[in-house]
Protein chains: 2
Amino acid sequence: MEGSVPEAVGRRPRSDAHEALRLWLRLFTTATLVERQLGTALKRGFGSSLPRFDLLAQLDRAPDGLRMTELSERLLVTGGNVTWLVRSLAAEGHVVRERAAQDRRGAVVRLTPAGRRHFRAMARAHERWIERLVGGVPPRDRRALARHLATLKQSVTTSEELA
Amino acid sequence: MEGSVPEAVGRRPRSDAHEALRLWLRLFTTATLVERQLGTALKRGFGSSLPRFDLLAQLDRAPDGLRMTELSERLLVTGGNVTWLVRSLAAEGHVVRERAAQDRRGAVVRLTPAGRRHFRAMARAHERWIERLVGGVPPRDRRALARHLATLKQSVTTSEELA
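Quick caveat, the model's predicted, so the values are computed rather than measured.

Whenever I open this one, the confidence of the model for chain A confuses me. Can you help?
When pLDDT is low, close inspection of the predicted coordinates is not appropriate. Residue and element names in this part refer to chain A. Residues of chain A with pLDDT of at least 70 account for 84%, and the chain-wide mean is 86. No element of chain A has a lower mean pLDDT than helix 3 (residues 68-74), which averages 89, and none a higher one than helix 5 (residues 113-134), which averages 96. Across residues 1-16 the pLDDT falls below 50, and counting only partners more than four positions away or on other chains, this stretch makes 37 contacts in the model. As a predicted assembly, this complex carries a pTM of 0.82 together with an ipTM value of 0.82.

Help me understand the relation of the copies chain A and chain B, please; the structure alone is not making it clear to me.
Mapping one chain copy onto the other needs a rotation about an axis and a shift along that axis. Take chain A, turn it by 180°, move it 0.0 Å along the axis, and it overlays chain B with an RMSD of 0.0 Å. Such a combination of turn and shift is consistent with a two-fold rotation axis. A symmetric contact is evident, with 97% of the interface residues of chain A recurring at the interface of chain B.

Can you help me understand the sheet that holds strand 1 (residues 66-67) of chain B in this one?
Within a beta sheet, neighbouring strands are joined by backbone hydrogen bonds and run either parallel or antiparallel to one another. Residue and element names in this part refer to chain B. If you walk across this open sheet you meet the three strands as 1-3-2, and the pairing is antiparallel. Of all the strands in the sheet, the pair left with one neighbour each is strand 1 and strand 2 (95-99). When strand 2 meets strand 3 (residues 107-111), the two strands line up antiparallel, connected through five bridges. Considered in strand 3, the bridge of Val95 is made with Leu111. Along the sheet, helix 2 (residues 50-60) makes contact with strand 1, strand 2 and strand 3, crossing strand 3 at roughly 100°. Against the sheet, helix 4 (residues 82-91) engages strand 2 and strand 3, with an angle of about 110° to strand 2.

What's the story with the side chain of A:Asp60 in this structure? I'm lost.
All names here are of chain A. Along the chain, Asp60 falls in helix 2 (residues 50-60). Residue classification places Asp60 among the buried residues on the basis of a relative accessible area of 17%. When near neighbours in sequence (up to four residues on either side) are disregarded, Asp60 contacts Leu111, Arg116, Phe119 and Arg120.

Any chance you could explain the interface of chain A and chain B here in plain terms?
Bring the parts together and some accessible area is lost; that lost area is often taken as the interface size. Every contact between the two is made by 74 residues of chain A and, on the other side, 72 residues of chain B. Of the roughly 7,000 Å² buried at the junction of chain A and chain B (both faces included), carbon and sulfur atoms supply 67%. Linking A:Arg142 and B:Glu19 is a salt bridge whose minimum nitrogen-to-oxygen distance equals 3.9 Å. Linking chain A with chain B are 18 residue pairs in polar contact (both at pLDDT 80 or more), by the criterion used here. Only helix 1 (19-46), helix 2, helix 3, helix 5 and helix 6 (139-158) of chain A provide two or more residues apiece to the side of chain A that touches chain B. Sort the elements by how many residues they give to the side of chain A that touches chain B and helix 1 of chain A lands first, with 21 residues. Taken together, the residues of the side of chain A that touches chain B break down into 36 nonpolar, 17 polar and 21 charged.

Explain the sheet that holds strand 1 (residues 66-67) of chain A here, please?
Residues and elements named next belong to chain A. Here we have three strands laid out as an open sheet, ordered 1-3-2, and antiparallel in their pairing. Unpaired on one side and paired on the other, strand 1 and strand 2 (95-99) mark the two borders of the sheet. Here strand 1 runs beside strand 3 (residues 107-111); their pairing, made up of two bridges, is antiparallel. Bridging across to strand 3, Leu66 finds its partner in Val109. Lying over the sheet, helix 4 (residues 82-91) contacts strand 2 and strand 3, oriented at roughly 110° with respect to strand 2.

Parameters at a glance
- Here, residues in each chain are numbered from 1, in the same order as that chain's written sequence.
- Lettering for chains starts from A, numbering for ligands starts from 1, and both go in the order in which the items are written.
- Only residues with pLDDT of at least 70 get local features here, since the model is predicted, and only at 80 or more are side-chain atom pairs given and counted; chain-wide, interface and lining totals rely on the full set of residues.
- Based on all heavy atoms of the structure, the side-chain values leave hydrogens and waters out of the count.
- For every residue, the predictor assigns a confidence score, pLDDT, that lies between 0 and 100.
- Runs of H or I in DSSP of at least four residues are treated as helices and runs of E of at least two as strands, each being numbered from the N terminus.
- Here, residues are in contact when the closest pair of their heavy atoms is within 4.5 Å.
- The atoms used to superpose the copies are C-alpha atoms, taken from residues with pLDDT of at least 70 in both, and the fit is least squares.
- For two strands to count as paired, DSSP must find a minimum of two bridges between them.
- Fitted lines through C-alpha atoms serve as axes, helices being fitted only where they are in contact, and the angles separating the N-to-C directions of these axes extend from 0 to 180 degrees.
- Any residue under 20% of the maximum accessible area for its type is buried, any over 50% is exposed, and the rest in between are partly exposed; the area is computed with a 1.4 Å probe on protein chains only.
- Note on terms: buried area is the combined drop in 1.4 Å-probe accessible area of two parts once they are placed together, counting the loss on both.
- Any carboxyl oxygen of Asp or Glu that lies within 4 Å of a side-chain nitrogen of Lys or Arg is treated as forming a salt bridge with it.
- N or O atoms closer than or at 3.5 Å make up a polar contact, with two conditions inside protein: a donor-capable atom paired with an acceptor-capable one, and, for residues adjacent in sequence, both atoms drawn from side chains.
- Each residue gets one of three labels, nonpolar for Ala, Val, Leu, Ile, Met, Phe, Trp, Tyr, Cys and Pro, charged for Asp, Glu, Lys and Arg, and polar for the others, Gly among them.

Right, here's the structure in full:
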């Protein structure tokens, strides 16, 4: 696993007719490579993981806390069972589950002060790591890449339902 | 879940100093969007999933079959437990586990003829779907995107260990 993605060996179609597929595989393998590196580093540096980091990040920007359903909707990283993640983070003192007094939304999850410190330390490292991973791409190419990704994202968002 | 990724709302840092982080989040959310769309379509169209599709794709290009360890190493999509996936695909008649006679590598997994037909039908749909998702990106931008992604991938691959 350790950051080695077998990628397109054999998977890459040879004809130019498969250009879109090739583009997707390149995007996907690049994203997977970065995810694995970040996951490994979060584990080594903080005993954490990307799903945990993502969950804490969502809570960090929700000072009033989030209901479990809101939390699930906002998570970017899949693969972690939200209930289980919250339980484990609560056991470590990073989050608490409280019944919201003023409204009837039911229990909300929020960061503890210790959880916030833990998240902020990870967020700083996370940003440094990404800077390092992207470091080999000249600034001009980064901007072009960001622009083209925006176009692709727009294309994906506006495309009709597939099946 | 259905193809809606909340992305960078609030997650996007405001200063330009966070350019690398922004780039990564854009890449990641785009990949996640595509993955969700493909996953939903595989489910609707074939009662399948991306991890299953990925597993069958690896076997499709390994006519002699693969050991479980080889299979795990080659999978691009995480999130599916390989043993469990193989068991479920075997129960449906798409793969078989056989002891390899000539060598001592232990049991290998291979596609059945029905599994191969099933995979090929999915692969054709999968390619059409990707063509559709990428359809809004002009060919010239696709090529530029592919080029810049190659640069980024190279940067990620050659960066030193993070932590």
